[in-house]
Structures are given as structure tokens and as C-alpha cells.
Amino acid sequence: MLRLIFLIFIQLFLFISFLKSEESSFFSGGETTNVTNNKNAFSLEAKNLPEYLKVDFLVGDALFDRIWEDPRFTSNIAKDGLGPFFSAQSCEGCHINDGRGHLPEAIYQDTDSISIVIHLGKNKNYLNRELKNISDGNYGSQISEFAIEGILKEADIIFKYDYSIGAFENGMVYELRKPIISLSNLNYGNIDSDTEFSARVAQPLIGLGLIESIDIEDIMQNEDEFDLDNDGISGKANKVWDDVNQKEEIGRFGWKSSQPSIYQQVADALFNDMGLSNPLYKNPSNCTDSQIDCLNATNGNSIEHDNLEVSNQQLELITFYSQQLGVPARRDINNEDVIAGKKLFFELSCNSCHTEKFKTGSHSDHKNLKYQVIYPYSDFLLHDMGDGLSDGIPEYLANGNEWRTTPLWGLGLTETVSGRETYLHDGRARTLTEAILWHGGEANSAREKFKKLDNIQINQLLRFLKSL
């Protein structure tokens, strides 16, 4: 009898502890969390941002939304400097409502491909650790589909889709699509025969400052590059070049964790996506040596902007804005299907890569981001996702098959914020089910377990993911 009472007490204790844990996980971003479920859910400042800093956030927001213009046709120095090549005219143009980008829905007729970029690179081993990758000789590291007036754009980007059919063990049929990218009207010569290219959709911006505030040691403790524990998971940190501090650091940002800081990520996007010179990328033209007209184009460098197109102050304000975007709260955490779905998430070992919880450290420059218990569902490490998701392009230590574990917070608000559901690096997955089914490599076992679930269990797992 005493044993039975003891067992009941233990079960009750565990249940109460679980409920408390779930209540805590409601605040996905700790004290930065916002309880907002509309299209602006990714665009709000951190809930705990001090009042005196909200002006900086709003100015950074304005710069993030700013439409940059051809320097020859504007008298507004604050807005000039676009190009010569560009993929979008504003940060917001790719990061729709600070959320995900997407692939075009129709060939030739849909012009919304500006929320993606086409990366170029060569699948070679090289020793220079200061280089992210080896670029194409004529087109550099990225294809731009737009150019300022009088300059030929680099190429036209054509999307087609390859569709395949599969089935769950219960007989339910699914369809997967894969984008097939081709380039036409190459205006600056041929692309090198060994150059690979890959579509990359814009990622959500929520919680970036929190990710930056996680101690390196806490990320590295999950690293197991050679799978010494034999669990089939061999996450590794990317080691990348920090242009600010001129040393190697671990990467945290980007599809392959190729950026060490938000500051560098923003600077890279300003230069490569919009052709804007800035403190880290001072070349006034984002062209290769073979693109003569581009090199000779008028630029928007000005004394008012530190002899650049984007001054250090502007870069820091956009960085601050990106750091201080709050994370939306979870929804339906006490729903029975959501709770059952979370149990399945762990039983399928999805949490082996999508680590539920971290606590930020003390090193952040911003007090409100320190010591926050957060629920990003990512280990921020690189994992082999199989040949099906490979793009053939290495970035520092990441090979073509390896991708950073994508944080899952805010996942259920994707369609609300961005207008549609698109997942994975090239936006191929139109639903969360498709995204899971594309998992291979280290996630192959989890995918196969997922395919064995019955309809009720599948819906429970999806309900959990939609609650994040």
C-alpha cells in the first residue's frame, strides 16, 4: 500500500513538474516574449526592451523598411546607393513582415522571387579559412536578377518544379516538390563549369539577439562531430571568419551557420543583396572584375555616411533592430493533442537536433537579453540532412549536405505572417509534413518513424509544431 501511494505521489509530482515546464515554455523568448498572433507577430520589439531604447528600435525598423534608390536618380542622400546589382530594394522586401521568404508560385508570371537569392559556389576543399566559399569567376557568390538602369542584370532566373509521390505506412499518399533552377540570358559570359547554385529563402528574424547571447560553451556541449555516443546524430559547429574581430569564431546565423554575428550578417546582406557599401564591405560596387559597366557605375558613397552608402551608425541601428525583435508566445500549450504531439516529438528523437531549451549568458551588450530561459528548438549546429537536400555548396566547414538546425519558435505563425507556408532552405516544402518528409541523413530514422504514425498521431505532432 505504501509503495502504491509512493508511486502515485511520484507520478503526481512529475505531472505537476511537466505542467510548470509547459507554462514556462509559453514564453518562448523568455521576457522578450510578445503575446501577439497577427501578421505583426514577428515585427514587435522585445517585450522587456527599456523605454529609452525604443526610439533606436523604431529608427532601425525604418532603415530595415527603407526603399534604397539608384544614386543617379535621387536627391535624397539618405536613400541612394542601390546596386549596381540587387535582389531587393529593402530588407523587408525579402523578410516579409520579418518572416520567411518563398519561392514563386508560377513560372515566368510571378515576380515575387525577390524573397529568395541564388547563391553560387564551388564544391571544393580549400585552405583559406577567411573565405566562406570559392565564388564563380564571372558572377561572384550570388546571381542578381535586377540591376540599376543602364546596367545589364546578371541573368534571368527560371524556376520549374520536380514532383514525386510517396506514401505513409498507413497508405496515405503525399506529394513532394523540388525546385529545379536554371539561368538564362547570362549577360557576363558563361558560368564556370564547376559552379553550383542554390536558392535560399529569407529566414525569420525573431529572437536573433537571444541566439547571439547564448554562451559558446552551451552550444558546444551538444557537438558530437564523430558521433561518439552512437546515437546517429553528429552535429558540429561551423567555424567561420569574424571580419570585425579578425579571428575565427563559431557560426550561429544563416542556413549553414556561416555568420558569427548579426552585425556581420546584416552587413553581408546589405552588400550582396542590395549592393550597398558599408563598414565591412567597402567596395562601392558588388561586381566581379569582368563586369566593367558595373564597376564604372555611379555609387552613392557620401561624406555624410562615412564615405560609404550605409554608415556605421545606420548599420548598428539595423543590427539593433534585428537583435531586439521579440519572440511570439506559444499557443494552446494545454491542449491534449498538443501535449501528445510534444511526446511524439521526443519519441521520434526530433529533439536530438531541435534542442528545446537554452539559457542566455552574460556576454550580451544588451541587459534585457541576458539570463533569459528560451525555447528555440535548435542546437544551432550543422547536421547532414542527406543527398535530397544537398545543394553542393560548402560554406567554411559546412559541406553541401550540412545545414544548421532551424529554430522552430514562431513556426505556427508562418502563414499568418508571411502569407503562405514555405519551409527548408529553398522553400520547397509547402507544409510541415513535406518539410519532415524531406529530412534525410542524420534525420532519416526520425523521418521513417514519422511515416509509420497513424493519422491521429500525425495530426497531434503537427498540432504541437503549430503551437510553437
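Numbering of residues starts from 1 in each chain and follows the order in which that chain's sequence is written. Reporting of local features is limited, given that this is a predicted model, to residues whose pLDDT is at least 70; pairs of side-chain atoms are given and counted only at 80 or more, and all residues count toward the totals for whole chains, interfaces and linings. Derived side-chain values reflect all non-hydrogen atoms in the structure, with water molecules and hydrogen atoms excluded from consideration.

## A word on helix 6 (residues 262-274)
- Across its 13 residues, helix 6 extends 17 Å between first and last C-alpha, which sits within 8% of the 18 Å expected from 1.5 Å per residue.
- Of all 13 residues that make up helix 6, eleven are buried, and the element is covered over most of its length.
- Any residue under 20% of the maximum accessible area for its type is buried, any over 50% is exposed, and the rest in between are partly exposed; the area is computed with a 1.4 Å probe on protein chains only. In this description a helix means any DSSP run of H or I spanning at least four residues, a strand means any run of E spanning at least two, and both kinds are numbered starting from the N terminus. Taken residue by residue, helix 6 has I262, Y263, Q264, V266, A267, D268, L270, F271, N272, D273 and M274 as its buried positions.
- With its phi angle positive at about 70°, G275 sits one or two positions after the end of helix 6. An expected span of 1.5 Å times one less than the residue number is assigned to each helix.

## Looking at the side chain of T405
- Relative to the elements of secondary structure, T405 occurs in the loop between strand 13 (402-404) and helix 10 (414-418).
- For T405, a relative accessible area of 7% corresponds to the buried category.
- Polar side-chain contacts of T405 include one of 2.8 Å to the side chain of D379.
- Contacts of T405, omitting those with residues within four sequence positions, involve C353, H354, Y377, S378, D379, F380, L381 and H383. We call two N or O atoms a polar contact when they sit within 3.5 Å, provided that within protein one can donate a hydrogen and the other can accept it, with sequence-adjacent residues counted only if both atoms are side-chain atoms. We call two residues in contact whenever any of their non-hydrogen atoms come within 4.5 Å of each other.

## Re the sheet that holds strand 7 (residues 195-201)
- At least two bridges found by DSSP between two strands is the condition for calling them paired. Spatially, the three strands line up as an open sheet ordered 3-2-7, and their pairing is antiparallel. With one partner strand each, in any of the chains shown, strand 3 (142-143) and strand 7 form the two edges of the open sheet.

## Structural notes on the environment of Q203
- Note that Q203 resides in the loop between strand 7 and helix 4 (208-212).
- Owing to a relative accessible area of 13%, Q203 belongs among the buried residues under this scheme.
- Spatially, the C-alpha atoms of Q203 and H425 are 8.5 Å apart, while their sequence positions differ by 222 residues.
- Among all residues touching Q203, those that are not within four sequence positions of it are H95, G99, G254, W255 and R404.

## So, the pairing of strand 8 (residues 239-242)
- Where strand 8 lies against strand 9 (residues 247-250), four bridges are found, and the strand directions are antiparallel. Bridge pairing in strand 9 places K239 opposite I250.
- As consecutive antiparallel partners, strand 8 and strand 9 are separated by four residues, and within that stretch Q246 has a phi angle of approximately 50°, a positive value.

## A few points about the pattern of salt bridges
- Salt bridge criterion: a side-chain nitrogen from Lys or Arg within 4 Å of a carboxyl oxygen from Asp or Glu. Applying the stated criterion to the full structure yields 21 salt bridges.
- One salt bridge connects E356 with K342, and the closest N-O pair in it is separated by 2.7 Å. Taken together, the residues span a long stretch of sequence, with E356 in the loop between helix 9 (336-347) and strand 10 (358-359) and K342 in helix 9 at a distance of 14 residues.
- Under the relative-accessibility criterion, K342 is labelled buried at 6%.
- Note that E347 is salt-bridged to K343, the shortest N-O span being 2.4 Å. Placement of the pair is E347 and K343 together in helix 9, with a separation of four residues, close to one helical turn.

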